[in-house]
Amino acid sequence: MRALLLLLLLPAPGLADDWSDRKCALYQSAFDHAITALGQDGLRPGFLEENDAFIANGCTGPEKVCARTDQEIALANMLTVMTMSEGMASTFVPFSCAP
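Residues numbered from 1 in each chain as written. Predicted model: local features only at pLDDT ≥ 70, side-chain atom pairs only at ≥ 80, totals over all residues. Heavy atoms only, no water.

Re the overall build of the protein chain
This is how it is decided: A run of H or I in DSSP counts as a helix once it spans at least four residues, and a run of E counts as a strand once it spans at least two, with each numbered from the N terminus. Throughout, exposure labels follow a simple rule: accessible area from a 1.4 Å probe, protein chains only, divided by the maximum for the residue type, with under 20% read as buried, over 50% as exposed, and the rest as partly exposed. When checking whether two residues touch, look at their non-hydrogen atoms; a contact exists if any pair is within 4.5 Å. Note on areas: these come from Shrake-Rupley sampling with a 1.4 Å probe, and a residue is covered only by the protein chains present in the view.
Secondary structure summary: the protein chain contains four helices and zero strands in total. Listed by position from the N terminus, the elements making up the protein chain come as α-α-α-α. Evaluated residue by residue, the protein chain yields a buried proportion of 30% over its 99 residues. For the protein chain, restricting intrachain contacts to residue pairs at least 6 apart in sequence, the fraction spanning at least 24 positions comes to 68%. By element, 59% of the accessible surface of the protein chain is carried by carbon and sulfur atoms, the whole surface being about 6,600 Å².

The structure is reproduced here in C-alpha cells:
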C-alpha cells in the first residue's frame, strides 16, 4: 500500500523534463523582452555570453551569470521578477558572482 502511495506522489515521467524545457523557454523569452525594454547599454559582452551559455545548456548547467554593472543588476532583478511571475523559484535564474 505504501509503495502505491509513493508511486502516486512521484511526478509522471516526462513532466519534470517538460517543465524544465518550458522554464528555459520562458526565461529566454523574458530575457529577450527585458533587453527590448532596457536596451543593451551598460551590458558587458561577457555578461551576454554567460547568459547565452546558460540558455544553450538548457538553463540547467553550472554556468553562472555575474551581473556587475548597474544595468546588468537592473536586468537581473527584472528577470528574477519576470520568471517568478511565471511560477519559477527565484533560485532558477543563473545570477551569481564568485567572491
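With respect to the nonpolar core
To be explicit about the condition: Here, nonpolar core means buried Ala, Val, Leu, Ile, Met, Phe, Trp, Tyr and Cys residues that are tied together by side-chain atoms lying within 4.5 Å of each other.
Counting residues in each nonpolar core, the largest one holds 22 residues, and the members touching the most others are Tyr27, Phe31, Phe47, Cys59, Leu75, Leu79 and Phe95. For this core, the secondary structure elements donating two or more residues are α2 (15–38), α3 (45–56) and α4 (70–85). Per element, the largest residue contribution to this core is seven residues, and it comes from α2. Non-local contacts of phenylalanine 31, meaning those with residues more than four positions away in its chain, are made with Leu48, Asn51, Leu75 and Leu79.

Digging into unusual backbone geometry
With a phi angle near 60 degrees, cysteine 59 is a residue other than glycine that sits in the positive phi range. Summarising the element assignment, cysteine 59 is placed in the loop between α3 and α4. Taking the relative accessible area as the measure of exposure, cysteine 59 reaches 6% and is therefore buried.

A look at the packing of aromatic side chains
When we look at a pair of aromatic rings, we describe it by the centre distance and by the angle of the planes. Selection rule: Stacked, edge-to-face and tilted are the three classes for Phe, Tyr and Trp ring pairs, Trp counted by its six-membered ring, which pair at centre distances within 6.5 Å; planes under 30 degrees apart are stacked, over 60 edge-to-face, the rest tilted.
Scanning the entire structure with this criterion turns up five aromatic pairs. With a centroid separation of 6.0 Å and 65 degrees between ring planes, the pair formed by tyrosine 27 and phenylalanine 92 is classed as edge-to-face. With a gap of 65 residues between them, tyrosine 27 in helix α2 and phenylalanine 92 in the segment after α4 connect regions that are remote in the sequence. On the accessibility criterion, tyrosine 27 (0% relative accessible area) is buried. Aromatic rings pair up to connect Tyr27, Phe31, Phe54 and Phe92 into one cluster.

Re the environment of leucine 79
Here leucine 79 is to be found in helix α4. Residues leucine 79 and histidine 33, 46 residues apart in the sequence, show an inter-C-alpha distance of 9.4 Å. Those residues in contact with leucine 79 that lie beyond four places of it in its chain are Tyr27, Ala30, Phe31, Ala34, Val93 and Phe95.

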